[in-house]
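# Structural features, examined
Residue-level listing of the chains:
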Amino acid sequence: MAIKSFQGKRDTNQGKEETQILVSDYMTTKLITFKAEDTLDHVINQLITYKISGGPVVNEKNELIGIISETDCIKHISESKYYNMPSDTNNTVGKYMVTDVDTIDKNMNIFDAAFKFISSHRRRFPVVDNGKLIGQLSQKDVLKAAISVKGNTWNS
């Protein structure tokens, strides 16, 4: 018996473009943000209150200027304890925030964003449109998108 080539069921949707799942469909838009002049004590209280590990720093025009994280706060605390100095409440976010921030585009495919998470080892990316902060995409948001696909192809 000869083996015939099997091509499988013909897909009637071949050639049609599937709807992409975009970052903007899953990003968080209600964010806790900080200002450069905020104190680290304020940041620490907000991080604890809202159970978050960091947040974007914006100026008066809501433009992203940095990120402040638990690590940045802990660095300040450990340095002041190491040098046996009291925690200085005059230390501001502007002094400790990270200003070299990777962002993600709202029109990026969510699964391309997943690859960006893997390759960068980041937990979240701010989403910026024309310099203004419009949201944030976390790894958890990507997981929510993956669950919503439910058996559909991951190719978009």
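Data block above holds the structure.
Presented here is a report on the structure given in the accompanying data block. Just so you know, these numbers come straight off a predicted model, no measurement behind them. (Residues numbered from 1 in each chain as written. Predicted model: local features only at pLDDT ≥ 70, side-chain atom pairs only at ≥ 80, totals over all residues. Heavy atoms only, no water.)

Now for the nonpolar core. Grouped burial of nonpolar side chains is what soluble globular proteins tend to show. Judged by nonpolar contacts, the single largest core of 15 residues is most densely connected at Ile21, Val23, Ile104, Ile110, Val127, Leu137 and Val142. Elements supplying a minimum of two residues to this core: helix H5 (110-120), strand E3 (124-129) and helix H6 (139-149). For this core, the element with the most residues is H5, which contributes five residues. Those residues within four positions of Val127 in sequence are excluded, and the remaining contacts are Val23, Met27, Ile104, Asp105, Lys106, Lys132, Leu133, Ile134, Gly135, Gln136 and Leu137. With nine residues, the next largest nonpolar core counts Val43, Leu47, Ile68 and Val93 among its residues. (Core = buried A, V, L, I, M, F, W, Y, C linked by side-chain atoms within 4.5 Å. Buried < 20%, exposed > 50% of the residue type's maximum accessible area, 1.4 Å probe, protein only. Helix = DSSP H or I, 4+ residues; strand = E, 2+ residues; numbered from the N terminus. Contact = heavy atoms within 4.5 Å.)

Within H6, burial applies to Asp141, Val142, Ala145 and Val149. Seen end-on, H6 carries its buried residues on one side only, within an arc spanning 100 degrees. Residues of H6 that are exposed and point more than 90 degrees away from the buried face comprise Lys140, Leu143 and Ile147. On its buried side, H6 packs onto helix H1 (23-26), H5 and strand E4 (132-138). (Arc of directions from axis to C-beta.)

This part takes up the pairing of E4. For E4, a buried count of five out of seven residues is recorded, marking the element as mostly surrounded by other parts of the structure. Sheet topology places E3 next to E4; six bridges connect them, and they run antiparallel. The residue of E4 that forms the bridge with Phe125 is Leu137. In sequence, E3 turns back onto E4 through a hairpin of two residues, with Asn130 there showing a positive phi of about 55 degrees. (Pairing = 2+ DSSP bridges.)

On to the side chain of Asn59. Structurally, Asn59 can be placed in the loop between strand E1 (54-58) and strand E2 (64-69). Note on Asn59: relative accessible area 16%, which makes it buried. Looking at Asn59, its side chain comes within polar contact range of the side chain of Glu63, at 2.8 Å. (Polar contact = N/O pair within 3.5 Å; in protein donor to acceptor, adjacent residues only side chain to side chain.)

Once that is clear, we can look at the packing of H5 against H6. In the contact formed by H5 and H6, the axes pass within 10 Å of each other and the chain directions differ by 140 degrees. It follows that H5 is oblique to H6 by the angle criterion. Taken as a pair, H5 and H6 cross one another with a handedness that is left-handed. Between H5, through Ile110, Phe111, Ala114 and Phe117, and H6, the contact on the second element is made entirely by Gln139, Val142, Ala145, Ala146 and Val149. Along the lines of polarity and charge, the residues of the contact of H5 with H6 split into eight nonpolar, one polar and no charged. (Axes fitted to C-alpha atoms, helices over the stretch in contact; angles between N-to-C directions. Parallel < 35°, antiparallel > 145°, perpendicular 65-115°, else oblique. Left-handed = near helix turned anticlockwise from the far one by under 90°. Nonpolar A, V, L, I, M, F, W, Y, C, P; charged D, E, K, R; others polar.)

A word on helix H2 (residues 40-50). Leu40, Val43, Gln46 and Leu47 are the residues of H2 that are buried. When H2 is viewed along its axis, its buried side chains cluster within an angular range of 120 degrees and face the same direction. Relative to its buried face, H2 has exposed residues pointing more than 90 degrees away, namely Ile48 and Thr49.

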